[in-house]
Amino acid sequence: MRNDVVQVARYILGLSWIYQGFFPKLLTVAPLEKALTATMGFSDNLSLLVTRSAGILEIVFGIALIVFYKTRVLPMLSIVALFFLFIFVALQLPSLLTEAFNPVTTNFSLMALSYVLFVNARA
């Protein structure tokens, strides 16, 4: 595949993970993030800790995807994580699946970009 396509996939995917970790989980805790962790029955303090920890992990993962994009493991982990995050949302707050910029459009688009990196990575 053309290198420019791989680079677009690399940066869009990595920066999406970084954005989703930083803005709705660390800079501010978005109401939707609170609602999702509330479905697990966590206290407010534990919910905040889980949300912020997830944000840090997402940022680290996004940076790793950008830096180590030639490996096959990280794009595969991205596909698996995005799929299970989609299932989690579908089970916990299914009404979100019909909202604008919902997990159907975002997660599956990012899974496709992950696949582009996966098939173009070293074995």
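Small disclaimer: the values here were computed from a predicted structure and weren't measured.

A. Looking closely at the overall build of the protein chain. Looking only at helices and strands, the protein chain features five helices and zero strands. Counted from the first residue to the last, the protein chain has its helices and strands arranged as α-α-α-α-α. For 123 residues, the compact-globule formula gives about 14 Å, and the C-alpha radius of gyration of the protein chain, at 15 Å, lands near that figure. Expressed as lengths along the three principal axes of its C-alpha atoms, the size of the protein chain is roughly 45 × 25 × 20 Å. Burial status across the protein chain gives 36% buried among its 123 residues. Within the protein chain, contacts between residues at least 6 apart in sequence are counted, and of these 72% link residues at least 24 apart. For the protein chain, the accessible surface area stands at approximately 7,400 Å², while carbon and sulfur atoms represent 72% of it.

B. Fine view of helix α2 (residues 31–38). All of the buried residues in α2 are Glu-33, Leu-36 and Thr-37. Buried residues of α2, seen end-on, are gathered within an arc of 95° and therefore sit on one face of the element. At its buried positions, α2 is contacted by α1 (3–27), α3 (44–67) and α4 (73–92).

C. Fine view of the environment of Gly-55. Within the secondary structure, Gly-55 sits in helix α3. Between the C-alpha atoms of Gly-55 and Pro-24, which are 31 residues apart in sequence, the distance is 8.0 Å. Not counting residues within four places of it along the chain, the set of residues in contact with Gly-55 comprises Gly-21, Lys-25 and Leu-26.

D. Representation of the packing of aromatic side chains within the structure. Enumeration over the complete set of coordinates arrives at five aromatic pairs. Measuring from centroid to centroid gives 4.6 Å for Tyr-19 and Phe-23, while their planes differ by 35°, and the two rings are tilted. Of the two residues, Tyr-19 and Phe-23 both sit in helix α1, four residues apart, roughly one turn of that helix. According to the relative accessible area criterion, Phe-23 is partly exposed, its value standing at 36%. A centroid spacing of 5.0 Å and a plane angle of 75° characterise the contact between Phe-86 and Phe-108, whose relative ring orientation is edge-to-face.

E. Structural view of the layout of surface pockets. The volume enclosed by the largest pocket comes to roughly 880 Å³. Forming the boundary of the largest pocket are 31 residues, of which Gln-20, Lys-25, Glu-33, Leu-36 and Glu-58 lie nearest the centre. Contributions of two or more residues to the lining of the largest pocket are made by α1, α2, α3, α4 and α5 (103–120). Of all the elements, α1 adds the most residues to the lining of the largest pocket, at six residues. Class assignment of the residues belonging to the lining of the largest pocket gives a composition of 20 nonpolar, seven polar and four charged.

F. Fine view of the pattern of salt bridges. Applying the stated criterion across every chain yields a total of three salt bridges. The salt bridge partner of Asp-4 is Arg-2, with a shortest N-O separation of 2.5 Å. Judged by its relative accessible area of 41%, Asp-4 falls in the partly exposed class. Linking Lys-25 and Glu-58 is a salt bridge whose minimum nitrogen-to-oxygen distance equals 3.0 Å.

Conventions and cut-offs
Residue positions are given per chain, counted from 1 along the sequence in the order it is written. Under the rules for a predicted model, residues below a pLDDT of 70 receive no local features and side-chain atom pairs below 80 are neither given nor counted, while totals for whole chains, interfaces and linings still include all residues. The side-chain figures draw on all heavy atoms in the structure; neither hydrogens nor water molecules are used. Per the convention used, a helix needs a DSSP run of H or I reaching at least four residues, while a strand needs a run of E reaching at least two, with both numbered from the N terminus. What the globule rule says is 2.2 Å times the number of residues to the power 0.38, and the radius of gyration is computed from C-alpha atoms. The rule is simple: take the accessible area with a 1.4 Å probe, protein chains only, and divide by the maximum for that residue type; under 20% is buried, over 50% is exposed, in between is partly exposed. Contact between two residues is taken to exist if any of their heavy atoms lie within 4.5 Å; hydrogens are not considered. Accessible areas in this description were obtained via Shrake-Rupley with a 1.4 Å probe; residue shielding takes into account the shown protein chains only. Here the arc refers to the directions that run from the helix axis out to each C-beta atom. Pairing of aromatic rings covers Phe, Tyr and Trp, the last through its six-membered ring, and needs centres within 6.5 Å; plane angles under 30 degrees mean stacked, over 60 mean edge-to-face, and all others mean tilted. Using protein atoms alone on a 1 Å grid, points that fit a 1.4 Å probe yet trap it form a cavity, whereas open point sets bounded by protein on both sides within 12 Å along at least five of seven lines form a pocket; residues with an atom within 4 Å of a point count as lining. Grid points are joined across faces, edges and corners, and a volume is the space filled by probe spheres set on the points. Residue polarity follows a fixed list, in which Ala, Val, Leu, Ile, Met, Phe, Trp, Tyr, Cys and Pro are nonpolar, Asp, Glu, Lys and Arg are charged, and the others, Gly among them, are polar. What makes a salt bridge here is a side-chain nitrogen of Lys or Arg within 4 Å of a carboxyl oxygen of Asp or Glu, nothing more.

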